[in-house]
Amino acid sequence: MHSKETSRGENCLDYRHLFRSNTATTATQPVRFSSAFIHTKNILLLFPSPIHRQYMLPLLQRADQRIRFTHANSIAEPSPRRGTPSHRRPPRRRSSRHANPIALSTNSAAASSSSPAASVEEDDVGLGYRLPPKEIQEIVDVPPNPSYLISPRRDRIMFLKRRAMPPLSEFAKPEKALSGIRIDPGSNMRSRMSFYTGITVHVLMDNGTLGPAKEVHGYADGAKINFVTWSPDGQHIAFTLRYEDKVENSVNLSLWVANAESGEAWPLCISEGIKLNAIFELFVWVNNSTILVCTVPLPRGNPPKKPLVPFGPRIRSNEHKNVVQMRATKEMLKDLHEEELFDYYATSQLILVSLDGTVKPIAPPAIYTALDPSPDEKYLMLTSVHRPYSSTVSYKRFPKKVELWTVNGTFIREVCDLPLAEDIPIISGSVRKGKRLIKWRPDMASTLRIAWCSGSHALVYEHWYKTRRTRTWVIAPDCKDVSPRVLFERSSEDAYSNPGSPMMCRTPAGTFVIAEIKTNNEGTYILLKGKGATPKGSIPFLDILNINTGVKERIWESNKEKYYESVLALMSYNPKCEIHLNHLKLLISKESRREPTQYYIKVWPDKNQVQITNYSHPYPQLALLQKEVIRYQREDGIKLTATLYLPPGYNPSKDGALPCLIWSYPGEFKSREAAGQVRRSPNKFARISSNIPLLWLARGFAILADPTIPIIGEGDQEANDRYIEQLVASAEAAVADPDRIAVGGHSYGAFMTANLLAHAPHLFCCGIARSGAYNRTLTPFGFQKEVRTLWEATDTYIKMSPFMSANKIKKPILLIHGEDDSKVTTAMQSCQFYDALKGNGVPCRLVILPFERHHYAARESIMHVIWETDRWLEMYCASNSRNIQVTESTVDTTRSPACEALALYFTKIYSLGKLVRLAFAQIFHQEV
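Residues numbered from 1 in each chain as written. Predicted model: local features only at pLDDT ≥ 70, side-chain atom pairs only at ≥ 80, totals over all residues. Heavy atoms only, no water.

Help me out: how do you make sense of the overall build of the chain in this one?
Broken down by element type, the chain carries 16 helices and 46 strands. When each of the 928 residues of the chain is scored for burial, the buried share is 50%. Contacts in the chain between residues at least 24 apart in sequence constitute 62% of all its contacts with a sequence separation of at least 6. Surface summary for the chain: the accessible area is close to 44000 Å², and the carbon and sulfur share equals 52%. (Helix = DSSP H or I, 4+ residues; strand = E, 2+ residues; numbered from the N terminus. Buried < 20%, exposed > 50% of the residue type's maximum accessible area, 1.4 Å probe, protein only. Contact = heavy atoms within 4.5 Å. Areas by Shrake-Rupley, 256 points an atom, 1.4 Å probe, with all protein chains shown as cover.)

Next up, the structure:
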């Protein structure tokens, strides 16, 4: 008689029973509703009066539509198996095409009582990747402007088209992590490489204008372009193309060359047996018609398989008492099998390829990491690594051999063979023993030198990190009777005294030397370009310097009032790199607060400039945003700087106080004076990307971007010994209304965020911490600029670790981390920190992004990170400043108290379950 009702009742929820037992339901046990058994008309029957039904009907109809959509998503992407915590479930590795972010969340009872938004339950866990509000999506999806490459003779400029964010499916492909690098075995190149989608070439006219665009053509659509380089004479362009082979689940990587004048492209190395090896340096131009290329040795066969029975136990020994200190060893070679894999993928056979397709092998197969032809095109300097390998350090410290060969394939001599370098100290400035930085002398035919030099004048830079002192020396490599002399000596932290860096000129051989400027006066002159830091903001400049006397003259500087201009490259060309000042031609960028960056050619002597790009505003909806560089002072007198952004059209007298997001990254200094210097410009364009907080201008937030948080250690004092005190003091100087201010950061900024919530809980309402390291005992051999080990500064390591102060954190904190982060900030850091927070009842949430590294790249991941951040800010920051205004605008005083309550909560309710419970609470209260 009632079997049908019983069947339905077993699958439906009794909402009145749920209301009665809701007091025992905590925030860590969210109630789930199945849309398969929720019907609007059935819920309306639960309301006793027609008036209640009248106000509930439209609300329930909209909620019913949302629940049905959510149910459809849950069918497509099922939630984790019951009883298996998602953070312990083995991740679905590369075979998964629909990996979802792992989200763990908990809210303490204390947080629920202190924040209205904290009572919102986690009804979104397990729903897959989410999208942020449309106004943010439109900004993030804007494609970037093209990159540019200038031809060696400065007569052409190439623009490389770029796409927006890649899909996650590209990161889900198999990869091998070997000796500090990640390899795509399907293409024999580094995994996750970005690429270009098109190439256009313009001739640069004498008056600075650009000729018509020539599109490089001849290849099929959809190719991925990499390794784009000019030939030494600028007449050809070499690049690689990648095509996906879905049948064999591999990538076809091929070398192509294009004519710069016509744009016509054709493939090289078309033999089926030749495959490129792009693990390290792929190719280099030897001369105008020949390219040296790394290829896969033949025959190579299949990759070595891991034996079912291991070779033996893994043994690491230090019986010789060597001191070996490394900050990260996550992706080093683990066993003999991985050593074999490294040999298999990294070993290359060098070949010389002519533009007509002629191929000639050269030198024996080896793991070549650098290819360097001599300026006279007669010799090759080949750098390779070899066994014995190490399980402690990356390939950069493996035994390294440097050899000289002729371009005809004749071995000349061995320059050096450096041993394995496991024992390099962690102190800044430490280097491996033996010869290093071996390069060809750029102004000579085939002369090897350790230091950079150019003709009769060269600049040598000397830097000592501990004291922050830096010197620039003038030497005369060809004049033995001329003694070196100091040109500049200063503190490397002092931005105001930075003289700038010399402008370089490209030689016919493709090398770079310092450009020598000819004037009507005697002496040797060079150009120095600098950022021009001043107390009023950065004003880039260009100086002409007499090397003989040290006298400088400013020949150009950026507009100070409206624009930020910067010198990018020298566009004048002379085979001897001697340029007369009156023939000077420069590539300059120009931008303002509301105008995006454009490129100009500036020509002397009249200093006329011609605009060569005309990019539109990437986010017109934020074109009228307000920006100001502000100055304020810390309690100890240190002057601090920040950039304040306000939404377009914001009027404080009408709009009142805004919620605010502070996003920063601490820096270490040796002096108070340097810490207080201004290193930014109020005239720079506000570039908005997926990794910075300016996106929330579109959501009505004020943004305090990059407030300086200096950690100072003067004299013999170590900066981190007073890290917490200085961190809190810097935050206190910037924060005015803690109920409306959130704090966030990435990497070391995440570390900062967690420490601020632990040691300054009175300053912020919530925090967002991305890709951080929170337990410094897990990085015992130093971090950032800390060079002491855990055993040398135990108290500092422990005091600085927010993991050790997890019990002090009371405000909500959102943790986000890439699952494949290979730096010292591994995902384990966030997982352990989350467990510590949850164990102390802290309101927190952990999001682990599959396939992502330290910086997030896939569109799905980035959009989800933005969604998580937006949700967090809306719940714990924006609600604190908007609840009163929302209440006043939604409550109708003519309604009954029950209906007033329903209307009041309408703007806060995001799931049908919470709606019904709140409705019943108000209705039953009135009836009683």
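Explain the environment of Trp256 here, please?
Within the secondary structure layout, Trp256 lies in strand β11 (residues 250-259). Along the primary structure Trp256 and Leu241 are separated by 15 residues, whereas in three dimensions their C-alpha atoms are 7.2 Å apart. Not counting residues within four places of it along the chain, the set of residues in contact with Trp256 comprises Gly218, Tyr219, Ile237, Ala238, Phe239, Leu241, Ala265, Trp266, Pro267 and Leu268. A polar atom in the side chain of Trp256 sits 2.9 Å from the side chain of Ser254. (Polar contact = N/O pair within 3.5 Å; in protein donor to acceptor, adjacent residues only side chain to side chain.)

How do you make sense of helix α7 (residues 336-346) when you look at a structure like this?
Counting buried positions along α7 gives eight out of eleven residues, so the element sits mostly inside the fold. The complete set of buried residues in α7 reads His337, Glu338, Glu339, Leu341, Phe342, Tyr344, Tyr345 and Ala346. Considering only its buried residues, α7 is in contact with β4 (176-178), β5 (181-184), β15 (348-354) and β16 (359-373). Of the residues flanking the start of α7, the one acting as N-cap is Asp335, its side-chain oxygen 3.2 Å from the backbone nitrogen of His337.

Mind showing me how you'd approach unusual backbone geometry here?
Note: most residues except glycine have negative phi, and most peptide bonds are trans. Cis rather than trans, the peptide bond between Arg387 and Pro388 has omega equal to 5°. When you line up the elements, Pro388 lands in the loop between β17 (379-385) and β18 (400-406). Although it is not a glycine, Cys577 sits at a positive phi angle of roughly 60°. Relative to the elements of secondary structure, Cys577 occurs in the loop between β32 (563-570) and β33 (578-580). The backbone phi angle of Lys607 is positive, close to 60°, even though this residue is not glycine. Turning to its location among the elements, Lys607 is positioned in the loop between β35 (598-603) and β36 (608-611). On the accessibility criterion, Lys607 (35% relative accessible area) is partly exposed.

Just checking my understanding: could you explain the packing of aromatic side chains for this structure?
Here a ring pair, both rings aromatic, is described through the centre-centre distance and the interplanar angle of the planes. Within the structure shown, the criterion is met by 19 aromatic pairs. Ring plane angle 70° and centroid distance 5.4 Å describe the contact between Trp405 and Phe411, whose orientation is recorded as edge-to-face. A relative accessible area of 41% places Phe411 in the partly exposed class. Aromatic pair Tyr774 and Phe833: ring centres 4.5 Å apart, planes at 20°, arrangement stacked. In this pair, Tyr774 sits in the loop between β44 (766-770) and α12 (794-800) while Phe833 sits in helix α13 (residues 827-839), placing the two residues 59 residues apart along the sequence. A residue is classified by how much of its surface remains accessible, and Tyr774, at 0% relative accessible area, is buried. Linked through ring pairs, Tyr665, Tyr723, Tyr748, Phe751, Phe783 and Tyr797 together constitute an aromatic cluster. Positioned over the ring face of Phe541 is Arg554, at 4.0 Å from the centre of the ring. Directly above the ring of Tyr563 sits Lys590, whose terminal nitrogen or CZ lies 4.2 Å from the centroid. (Phe/Tyr/Trp six-rings, centres within 6.5 Å; stacked < 30°, edge-to-face > 60°. Lys NZ or Arg CZ within 6 Å of the ring centre and 35° of its normal.)

Would you mind showing me how to read the sheet that holds strand β19 (residues 411-418) here?
Two strands in a sheet stick together by hydrogen bonds in their backbones, pointing the same way (parallel) or opposite ways (antiparallel). Spatial strand order, β13-β14-β15-β16-β17-β18-β19: seven strands in an open sheet with antiparallel pairing. Single-partner strands in this sheet number two, and they are β13 (283-287) and β19. For this sheet, the mean inter-axis angle between neighbouring strands, taken without regard to orientation, is 35°. Looking at chain direction, β17 and β18 are connected through seven bridges and run antiparallel. Paired with Leu382 across the bridge in β18 is Glu403. (Pairing = 2+ DSSP bridges. Axes fitted to C-alpha atoms, helices over the stretch in contact; angles between N-to-C directions.)

Looking at this structure, how should I read the confidence of the model for the chain?
Any region with low pLDDT has predicted coordinates that should not be read closely. Per-chain confidence: the chain averages 83 in pLDDT, with 80% of residues scoring 70 or above. Within the model, the stretch residues 62-98 combines pLDDT values under 50 with 45 contacts to residues more than four positions away or in other chains. Segment residues 883-928: pLDDT under 50, and 71 contacts once partners within four positions in sequence are set aside and those in other chains are kept. (pLDDT = per-residue confidence, 0-100.)

Just checking my understanding: could you explain the side chain of Ser151 for this structure?
Note that Ser151 resides in the loop between β2 (147-150) and β3 (156-162). Judged by relative accessible area, Ser151 falls into the buried class, the value being 0%. A polar atom in the side chain of Ser151 sits 2.8 Å from the side chain of Asp155. Sequence-distant contacts of Ser151, defined by excluding residues within four places in its chain, comprise Arg156 and Trp230.

Would you explain the nonpolar core in this entry?
Among soluble globular proteins, nonpolar side chains are generally buried collectively. Residues Tyr723, Phe764, Ile813, Leu815, Phe833 and Leu837 are the most contacted members of the largest nonpolar core, which totals 58 residues. If you tally residues by element for this core, the top one is helix α11 (residues 748-759), at eight residues. Ignoring sequence-local partners within four residues, the contact set of Leu815 consists of Ala769, Tyr774, Ser830, Phe833, Tyr834, Leu837, Arg845, Leu846 and Val847. In terms of nonpolar packing, the next biggest core, distinct from the first, is built from 40 residues, Tyr619, Ala742, Tyr876 and Cys877 among them. (Core = buried A, V, L, I, M, F, W, Y, C linked by side-chain atoms within 4.5 Å.)

Which parts of the structure should I look at to understand the environment of Leu160?
Considering the arrangement of structural elements, one finds Leu160 in strand β3. Spatially, the C-alpha atoms of Leu160 and Gly198 are 5.9 Å apart, while their sequence positions differ by 38 residues. If we skip the residues at most four places from it in the chain, Leu160 touches Pro146, Ser147, Leu149, Tyr196, Gly198, Ile199 and Val228.

Can you help me understand the sheet that holds strand β22 (residues 458-464) in this one?
A sheet is described by the order of its strands in space; here three strands give the open sequence β22-β23-β24, paired in antiparallel fashion. The strands lining the two open edges of the sheet, one partner per strand, are β22 and β24 (485-491). Taken over all neighbouring pairs, the strand axes of this sheet differ in orientation by 20° on average, direction set aside. Pairing analysis gives seven bridges linking β22 to strand β23 (residues 469-475), with the strands arranged antiparallel. Each bridged residue has a counterpart across the sheet, and for Leu459 the counterpart in β23 is Val474.

Honestly, the packing of helix α10 (residues 723-734) against α11 in this entry has me stumped. Any pointers?
The geometry of a pair of packed helices is captured by two quantities: the angle between their axes and the separation between those axes. Packing of α10 against α11 leaves a shortest axis separation of 10 Å and a crossing angle of 85°. In terms of their interaxial angle, α10 and α11 are classed as roughly perpendicular. Touching Tyr723, Ile724, Leu727, Val728 and Ala731 of α10 are Tyr748, Phe751, Met752, Asn755, Leu756 and His759, all from α11. Grouping the amino acids of the contact of α10 with α11 by side-chain chemistry returns nine nonpolar, two polar and no charged. (Parallel < 35°, antiparallel > 145°, perpendicular 65-115°, else oblique. Nonpolar A, V, L, I, M, F, W, Y, C, P; charged D, E, K, R; others polar.)

Just checking my understanding: could you explain the environment of Lys176 for this structure?
Positionally, Lys176 belongs in strand β4. Taking the C-alpha atoms as reference, Lys176 lies 9.4 Å from Arg190; in sequence the two are 14 residues apart. Among residues more than four places away in sequence, those in contact with Lys176 are Ile181, Arg182, Ile183, Pro185 and Tyr345.

Help me understand the side chain of Arg242, please; the structure alone is not making it clear to me.
With respect to the helices and strands, the residue Arg242 is situated in strand β10 (residues 236-245). For Arg242, the side chain forms a polar contact with the main-chain oxygen of Met193, separated by 3.3 Å. Contact partners of Arg242, with chain neighbours within four places excluded, come to Met189, Met193, Ser194, Phe195, Gly222, Ala223, Lys224, Asn226, Val251, Asn252 and Leu253.

Looking at this model, I keep getting lost on the pattern of salt bridges. Mind explaining?
As a working rule, side chains carrying opposite charge can pair if their charged atoms are close by. Scanning the model with the defined rule gives 33 salt bridges in all. Between Glu557 and Arg554 there is a salt bridge whose closest N-O contact spans 3.7 Å. On the basis of relative accessible area, Glu557 is assigned to the partly exposed category, the value being 29%. Given a relative accessible area of 43%, Arg554 falls into the partly exposed group. Three or more residues joined by partner-sharing salt bridges are found here, namely Glu175, Arg182, Arg192, Glu331, Asp820 and Arg853. (Salt bridge = Lys/Arg side-chain N within 4 Å of Asp/Glu carboxyl O.)

Would you explain the pairing of β5 in this entry?
What you see with β5 is no split at all: Ile181 and Ile183 on one side and Arg182 and Asp184 on the other are buried throughout. In textbook terms, the turn of a hairpin is the stretch between consecutive antiparallel strands, and for β4 and β5 this stretch comprises two residues, one of which, Ser179, has a positive phi near 55°. One ladder, built from two bridges, connects β5 with strand β6 (residues 189-190); its direction is antiparallel. Bridge pairing links Ile183 to Arg190 in β6. Hairpin connection between β5 and β6: a loop of four residues separates the two successive antiparallel strands, and Asn188 in this loop has a positive phi of roughly 55°.

When you look at α11 in this model, what are you seeing that I'm missing?
Note on helix geometry: an α-helix contains 3.6 residues per turn, so any two residues three or four positions apart are oriented the same way. The end-to-end C-alpha distance of α11, which contains twelve residues, comes to 16 Å, matching closely the 16 Å that a straight helix rising 1.5 Å per residue would cover. The complete set of buried residues in α11 reads Tyr748, Gly749, Ala750, Phe751, Met752, Thr753, Ala754, Asn755, Leu756, Leu757 and Ala758. (Expected span 1.5 Å × (residues − 1).)

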